[in-house]
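Examination of the molecular architecture
Listed below, chain by chain, are the residues.
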Amino acid sequence: MLRYILKRLQALLISLVVASLVIFSAVEIVPGDPASFMLGINAQEDTIMALREQLGLNVSLTQRYFTWVTGMIQGDFGTSYTYRTPVSDMISERMVISLPLAIYALTLSTLIAFPAGIIAATRRGSVADVSVMGVTQLGVAIPNFWFAMLMVVVFAINLRWFSAGGFPGWDAGFFAAMKALTLPAIALALPQASILARVMRSSLLDTLSEDFIRTARAKGLTRRQTLWRHALRNALIPVLTIIGLQFAFLLAGGIIIEKVFFLPGLGQLIFQAITQRDLIVVESVVMLLVFAVILVNFTVDLAYGLADPRLRRSR
Amino acid sequence: MNAAHFLRSRSFMLGLILTLIFVFAALISFLWTPYEIDGVDIPNKLHAPAWPNLLGTDQYGRDVLSMIMVGARVSIAVALVAVTIGMVIGVPLGLAAAAKKGTWWDEIIMRGNDLVFAFPSLVIAILITAIFGASAINAIIAIGIFNIPVFARITRGGALSLWERDYILSARVAGKSPARISIEHILPNVMNLLIVQGTIQFSLGILAEAGLSFVGLGVQPPTPSWGRMLADSQTLVYSYAYLALFPGLAIVLTVLGLNLMGDGLRDIFDPKVRKSRT
Amino acid sequence: MSLLTINNLSMKIGAVEILRDVSMSVDPGQILGVIGESGSGKSMTAFSVMQLLPEGATCTGEITLGDTNMLTAPEPDLCAIRGNDVGMVFQEPMTALNPVKNIGDQVAETIRIHEPSVSKAEALSRARAALDRCELPGDRFPLTRYPHEMSGGQRQRVVIAMAIARHPKLLIADEPTTALDVTTQAEILDLLKRLVVEDNMGLMMITHDLAVVSDLADHIVIMKQGEVVEQGAAATLYRDAEHPYTKALFAASSHQPDRSAPQHALPLLQVKNLVRDYSLPRTKLFAPAGKFRAVNDVSFEIKRGESLGLVGESGCGKSTLTRAILGLEALQGGEILLDGKALVTGGHISRAARRKMQVVFQDPYGSFNPRHKVARLITEPFHLLDTPPTGLAHDLAIDQALISVGMAPDDKHKYIHEFSGGQRQRIAIARALIIRPELIILDEAVSALDVSVRAQVLDLLAALSEKHGLTYLFISHDLSVVRSITDRVLVMKSGEIVEQGETETVFEHPTHPYTKALINAAPRLPDDIKETA
């Protein structure tokens, strides 16, 4: 198992290094000098030079890359070109909204998808199966931001159960904050739950047709016992991959949903940064998102190793 | 497999009809739309759906039905080009990786794939927009790049199982090169997989384009697109819900149509595969 | 009274009739052999007893186990019977075990499911006992082993341990040794025989292989297309078979094709000191990767017109050797001469050399691209010709090739899925023949075929070698087939050739211990059948 972990860890590090190189070089090829952009067209040459020095722009590319990377490792993401405040502060301010939102949505999606997928697979062809398949077919096709808008119309404007948007802050109390995140989380979760339920169903159907299920039945296990003791754990292995991919998607996809609900999360930060050409913020947020995706994939790989003894030894 | 199989598949036919409705709407919009959508017609703004503006007008007095027809062009074009990019680059990569299985070729292609997978298309779009500014091209490139590893992976997976087949060994014994075998034997036999995946990526592309345009990273005004129409309706949705309803329905129906087609195709292709095996 | 009685069992899946009026019975301590070719319904009969049938299956008739009618018993009763009164062993040991649970838990589960009051520790200790009985000793096979850490034969022993953990009255074994090597097969058969005696258990043994049950079964049932065609005591049935199908089956099982092809003294293929290494996955992070020598210093030659057999169990390196000769594997040492010239020059095989060699593979289903028609399939080797025939000559070559293997010229317009397994192997031979090679490598070419079809294909091969002066390299795990079609034989073990010689001599007077073990392990039909055939 240790060897397996080390191997995955090695892959994680390589991915991170290459990803950071890609992001850094992408942002660095941008035409235009942030310093002159920040100071406007009338700025004096020496003020620009001073600012360049202050921002660390006057050294070689390699040097800047290493400063950027070592900074990030120490939690220092640099200084925003526009606001002159540490990027790490700006990000952590926003993360307390975006991260809980993604986790909330993932939890909802899993809680809906697992039972739906299991019921559909075990009662193949039944009314329950057909309705799960029908609803998920629709769920996959609905853009989450549109679904969010519809929910705003119904639950916020007509029924007035929720506010139409905004975030009271965690200071307002856990439940008030969670309530504000509920509609966004549902909007994010619905299409994901649909995909997950379908994957769960087909994976479970595949597993249920395996030889070892027949062996279990021949031992005298009932259908239900076979399902819980033998099928589920095996069926879960491909489902884990999708959950991993979904977390990445939820984190990034949250950016769009945040716009519908006027949530001051990472999304708002990044769109502001794009309009203001605050590239260091863009660079850092993108790196953070990519880091999250890679980290989730790493965790999924480890979960694989736990779920499937075959992986611990080989590969 | 013949025409009867396609006609008999209910989900394929339903999906095909839904998809064709929007494809025709897009094609017709080049020649004719119920109203011009270039001009602003303030006196006629925000009409509720009724004759002659069947789906109503927006805050600039533009006919929503006409906008949806023109918007279909953008959605379909972006998704189609993105699928093409994904296939044209991803499929050869997948074939090559499978043909050179276990070598550093395979390793590099697959690790590259993993890396691209770590960049959700939204993130790629953000990067491109931050650098070059927003445009429809961004959306195409962002979605297209994300499609590459999808096709590479599915091609490699299908190809790997085929390379184990005896008929591939026979072809090698007949002295055919890996490249020739890939094109002559592997590609036709993974085509079914690719067609099914193609319809799925097409539908995902339409969703992604709508999302990118919704947040301003895609198509720019004044070109109408479904995502932009939804973004424009956001502030008006309280009193004019129909402005958000119809473009959203257009997206849902197109995506649903493509997904149904994909499911239908999978069912049509699959039993034959099973039959030839047993 | 019988332990299991099946009376006029008929079974349909949907509207398709699978079984018709099947009757048989098993007594305690008795071994019943159920024999049939594919599609005979022998496995479905077994699954009917367990009542583990595919969806949509309906049974009529009577299946009585002890005093329970299995066809009318409610599902909870059936669950209480399965695993407790009747155990089952399956064909594919590689997939029959849950990959994510260790073997101790899987065997203990049989015990706890039927006796929930038993503590986990007690169940595990009984599981240990069951595994011990199946010759998986605790020091080498702790309960914490996972299936993927075991070989096929070992996994089959785990499946058997699961089936007998509750000392059932009846054991059903559905082709339990088909997927195993011949020496492993012999061990598993011995194990089953011993368990039957120890527990006075009834055993229903389902197989396609007459020889497997010939020295095992007390009673034999022959099935064909869902019906029982003949049954009787094993001792007499071999001699007194009456039904024509039974006779044909016996004849085909011990079939000996007529061979009288002329041989020459000149060698066609010479293999000298061949070595093939595979690198193993690294076991330590920084140590260099280990190597596995699949083929170790192998030398032999095939004379023109000769039929040479290559036998060995799975993993012995015979497939690697075959692939090396076909130029599909890189070599680490040695050389291969074809017609006295080096086969591999500059890292690849010349087209001229390839032209002289063709191959027929085992799997009649995977040997052809499903998207091409027969005409295109069998002309693939034309790629090796500098001036492949065109127009009329091209069509004529296809027709001739098809006719020579007993197919019709019109078959060239069909797709491969329109043919049966035996027909596909004929088409595969036509593909190999079409450019008139000198050497044909037959890699388990008849192993996947039913015994009667196999006999026909062997006859065809014998006739073709005579007509075209072909040389065969015949690779197989099946000793009886190799014995019937080859002049000389090589025995391969762990990458080396341990014995070679005239086929009859090697089979009658093996010298190497491994050859002896192999020949002893191979199930054999009683000698008197051969005389009647």
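Residues numbered from 1 in each chain as written. Chains lettered and ligands numbered in written order. Predicted model: local features only at pLDDT ≥ 70, side-chain atom pairs only at ≥ 80, totals over all residues. Heavy atoms only, no water.

Glancing now at the overall build of chain B. A count of helices and strands for chain B gives 10 helices and 0 strands. Moving toward the C terminus, one meets the helices and strands of chain B in the order α-α-α-α-α-α-α-α-α-α. Principal-axis analysis of the C-alpha atoms gives chain B an extent of 75 × 50 × 30 Å. Counting across all 278 residues of chain B, residues that qualify as buried make up 56%. Within chain B, contacts between residues separated by at least 24 positions form 71% of all contacts whose residues are at least 6 apart in sequence. When the accessible area of chain B is evaluated, it comes to approximately 11,800 Å², of which 69% is carbon and sulfur surface. The positive charge centre, built from 20 side chains, and the negative charge centre, built from 16, are 11 Å apart in chain B. (Helix = DSSP H or I, 4+ residues; strand = E, 2+ residues; numbered from the N terminus. Buried < 20%, exposed > 50% of the residue type's maximum accessible area, 1.4 Å probe, protein only. Contact = heavy atoms within 4.5 Å. Areas by Shrake-Rupley, 256 points an atom, 1.4 Å probe, with all protein chains shown as cover. Lys, Arg positive; Asp, Glu negative; His and termini not counted. Charge placed at Lys NZ, Arg CZ, Asp CG, Glu CD.)

Another point: helix 12 (residues 279-307) of chain A. Between its first and last C-alpha atoms helix 12 of chain A spans 42 Å; for 29 residues at 1.5 Å apiece the expected length is 42 Å, and the two agree. Within helix 12 of chain A, 21 of the 29 residues are buried, which leaves it mostly tucked inside the rest of the structure. (Expected span 1.5 Å × (residues − 1).)

Between chain C and chain A, the residue contacts involve 30 residues of the former and 24 residues of the latter. Considering only the side of chain C, the residues that lose the most area to chain A are Val100, Glu109 and Ile113 of chain C, jointly responsible for 22% of the buried surface there. Counting the contacts that link chain C with chain A gives 3 salt bridges. Counting every contact that joins chain C to chain A gives 14 residue pairs in polar contact (both at pLDDT 80 or more). If you list the elements that add at least two residues to the side of chain C that touches chain A, you get helix 1 (42-50), helix 2 (75-81), strand 6 (86-89) and helix 3 (103-114) of chain C. The dominant element in the side of chain C that touches chain A, judged by the number of residues it contributes, is helix 3 of chain C, at 5 residues. Residues of the side of chain C that touches chain A, tallied by class, amount to 15 nonpolar, 8 polar and 7 charged. (Buried area = accessible area lost by both parts, 1.4 Å probe. Salt bridge = Lys/Arg side-chain N within 4 Å of Asp/Glu carboxyl O. Polar contact = N/O pair within 3.5 Å; in protein donor to acceptor, adjacent residues only side chain to side chain. Nonpolar A, V, L, I, M, F, W, Y, C, P; charged D, E, K, R; others polar.)

Attention now moves to the interface of chain A and chain B. At the junction of the two partners, chain A supplies 40 residues and chain B supplies 34 residues. Buried area between chain A and chain B, summed over both chains or domains, comes out near 3,400 Å², and the portion from carbon and sulfur atoms is 83%. On the chain A side of the interface with chain B, the three residues burying the most area are Gln137, Trp146 and Met149 of chain A, jointly 18% of the side's total. Run the count over chain A and chain B and you get 1 salt bridge. Of the charged contacts in the structure, one is a salt bridge between Asp263 of chain B and Arg198 of chain A, with a shortest N-O distance of 3.6 Å. Taken together, the links from chain A to chain B amount to 4 residue pairs in polar contact (both at pLDDT 80 or more). For the side of chain A that touches chain B, the secondary structure elements donating two or more residues are helix 1 (2-28), helix 6 (127-141), helix 7 (144-158), helix 10 (223-260), helix 11 (266-275) and helix 12 of chain A. When grouped by side-chain class, the residues that make up the side of chain A that touches chain B number 34 nonpolar, 3 polar and 3 charged.

For the rest of this paragraph, the subject is the pairing of strand 10 (residues 227-233) of chain C. Both faces of the sheet carry side chains from a regular strand, because those side chains alternate between them. All names here are of chain C. With 6 bridges connecting them, strand 9 (residues 219-224) and strand 10 associate as antiparallel partners. By the bridge assignment for strand 10, Ile220 is matched with Gly232. What sits between the antiparallel neighbours strand 9 and strand 10 is a turn of 2 residues, in which Gln225 has the positive phi angle 45°. (Pairing = 2+ DSSP bridges.)

Turning to helix 8 (residues 178-214) of chain B, a few remarks are in order. All names here are of chain B. Taking 1.5 Å per residue as the helical rise, helix 8 with its 37 residues ought to reach 54 Å, whereas the 45 Å between its terminal C-alpha atoms falls clearly short. Leu187 marks the point of greatest bend in helix 8, at about 45°, and the proline Pro188 comes within the next four residues. Along helix 8, 26 of the 37 residues are buried, which leaves the element largely enclosed by surrounding structure. Following helix 8 by one or two positions, Gly216 has its phi on the positive side, about 85°. (Bend = angle between axes of the 7 residues up to and from the residue.)

Before going further, it helps to spend a moment on unusual backbone geometry. Geometrically, the link from Pro221 of chain B to Pro222 of chain B is a cis peptide bond, its omega value of 5° lying close to zero. Here Pro222 of chain B lies in the loop between helix 8 and helix 9 (226-233). Phi angles above zero are rare outside glycine, and Asn8 of chain C is one such case at about 45°. You can see Asn8 of chain C is positioned in strand 1 (residues 4-13). Unusually for a residue other than glycine, Asp297 of chain C sits at a positive phi of about 55°.

What follows concerns the packing of helix 3 (residues 64-99) of chain B against helix 8 of chain B. Residues and elements named next belong to chain B. Packing of helix 3 against helix 8 brings their axes to within 8 Å, and their N-to-C directions diverge by 150°. Where helix 3 crosses over helix 8, the two elements pack in a sense that is right-handed. Residues Val74, Ser75, Ile76, Val78, Ala79, Leu80, Val83, Met87, Val91, Leu95 and Ala99 of helix 3 form the contact with helix 8, whose own contacting residues are Pro178, Ser182, Ile186, Leu187, Leu194, Gly198, Gln201, Phe202, Gly205, Ile206 and Glu209. Each residue belonging to the contact of helix 3 with helix 8 can be placed in one class, and the counts come to 16 nonpolar, 5 polar and 1 charged. (Axes fitted to C-alpha atoms, helices over the stretch in contact; angles between N-to-C directions. Left-handed = near helix turned anticlockwise from the far one by under 90°.)

Turning our eyes to something else, we now look at the sheet that holds strand 8 (residues 202-207) of chain C. Strand pairing within a sheet occurs via backbone hydrogen bonds; the two strands may be parallel or antiparallel. All names here are of chain C. Judged by pairing direction, the sheet is mixed, and its 6 strands sit side by side in the order 6-7-8-3-9-10 without closing on themselves. Edge positions in the sheet fall to strand 6 and strand 10, since each of these pairs with one other strand and no more. Direction aside, neighbouring strands of the sheet carry axes that sit 15° apart on average. Each of strand 6 and strand 7 (170-174) touches helix 5 (residues 152-164); the most contacted strand, strand 6, lies at about 170° to it.

With that out of the way, let us pick up the confidence of the model for chain B. Low pLDDT means the predicted atomic positions in that stretch should not be read closely. Confidence along chain B averages 85 in pLDDT terms, with 96% of residues attaining 70 or more. This model gives residues 272-278 of chain B a pLDDT under 50, and the stretch forms 6 contacts once residues within four places in sequence are excluded. (pLDDT = per-residue confidence, 0-100.)

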